[in-house]
Amino acid sequence: ACPALYVVLANRGFFPKDELKTFRKLGSRLQGHVYTGVPGVEHNTGSLGQGLSVANGIALSARIQGMNFNTYCLLGDGEIQEGSVWESAMTSGHHKLDSVCAILDCNKVQENGPVKEIKNEEPILDKWQDFGWHVIEVDGHNLSEIINALDEFDTVKDRPTFIKANTVKGKGVSFMEGQAKWHGKAPDKEQLAAALKELGF
Ligand SMILES: Cc1ncc(C[n+]2csc(CCOP(=O)(O)OP(=O)(O)O)c2C)c(N)n1
Ligand SMILES: [Mg+2]
């Protein structure tokens, strides 16, 4: 996910767009996991399972200080096997943190294979609902469904919102779709050309 974040930050002027070409090079601040050395990044990531605790902390701090903004947390479906995610899910529910929205990128695959074979998580929506969350399910490749879900989140009071976004890992590139083996692998020149062609570039 970090290349996508870097592109957004560069486009928002946090650092020069030219710097994007240094991605994952020795000496670059744009590494494979984001850290606070990157302008616009306020918390290190890389270790799965921490994001929702951070989101809760930000939301609670805003409440205490009387500040009015929303906090969004993107989770992976492999990531939610981490116990810390459920501690924080319980915390958001207990404190009725209605400014927190968690979005699950439910692509059915984690680093080493299919989620349901490694550790089945279904029924996911029932679990989050039981922890005190308002739950919504969308097609994560359908922008208007995502926007509607975010609008619904804005109207929900006294409970956090969980959006299960059903997605396909590697969407749009036929030989990558749904396959764990592409998790951290770079395509060779021919594969790159084929992938860009399929994506319409
Ligand atoms: C605590 C921790 N354990 C293991 C890893 C290694 N790791 C990086 S990504 C990943 C798989 C995550 O799967 P998922 O949450 O489904 O994300 P996806 O790749 O599908 O977007 C793992 C195990 C890590 N970064 N942190
Ligand atoms: Mg996944």
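Up top is the structure these notes are about.
Residues numbered from 1 in each chain as written. Chains lettered and ligands numbered in written order. Predicted model: local features only at pLDDT ≥ 70, side-chain atom pairs only at ≥ 80, totals over all residues. Heavy atoms only, no water.

### Observations concerning the coordination of the magnesium ion (ligand 2)
Each protein donor to the magnesium ion (ligand 2) is listed here as D77 (OD), N107 (OD1) and V109 (O); together their distances run 2.1 to 2.2 Å. Positions of the donor residues of the magnesium ion (ligand 2), expressed as sequence spacing, correspond to D-x29-N-x1-V. Since its relative accessible area comes to 11%, N107 is described here as buried. A residue is classified by how much of its surface remains accessible, and V109, at 8% relative accessible area, is buried. (Donors = N, O, S within 2.8 Å, 3.2 Å for Na, K, Ca; no water. Buried < 20%, exposed > 50% of the residue type's maximum accessible area, 1.4 Å probe, protein only.)

### Quick look at the packing of helix α2 (residues 51-64) against helix α3 (residues 83-94)
Axis separation between α2 and α3 bottoms out at 8 Å; the angle between their running directions is 25°. Here α2 is positioned roughly parallel relative to α3, judged by the angle of their axes. For the crossing formed where α2 meets α3, the hand is left-handed. Across the interface between the two elements, L52, S53 and N56 from α2 touch S84, V85, S88, A89, T91 and S92 from α3. Residues that form the contact of α2 with α3 fall into these classes: three nonpolar, six polar and no charged. (Axes fitted to C-alpha atoms, helices over the stretch in contact; angles between N-to-C directions. Helix = DSSP H or I, 4+ residues; strand = E, 2+ residues; numbered from the N terminus. Parallel < 35°, antiparallel > 145°, perpendicular 65-115°, else oblique. Left-handed = near helix turned anticlockwise from the far one by under 90°. Contact = heavy atoms within 4.5 Å. Nonpolar A, V, L, I, M, F, W, Y, C, P; charged D, E, K, R; others polar.)

These figures capture arrangement, not role.
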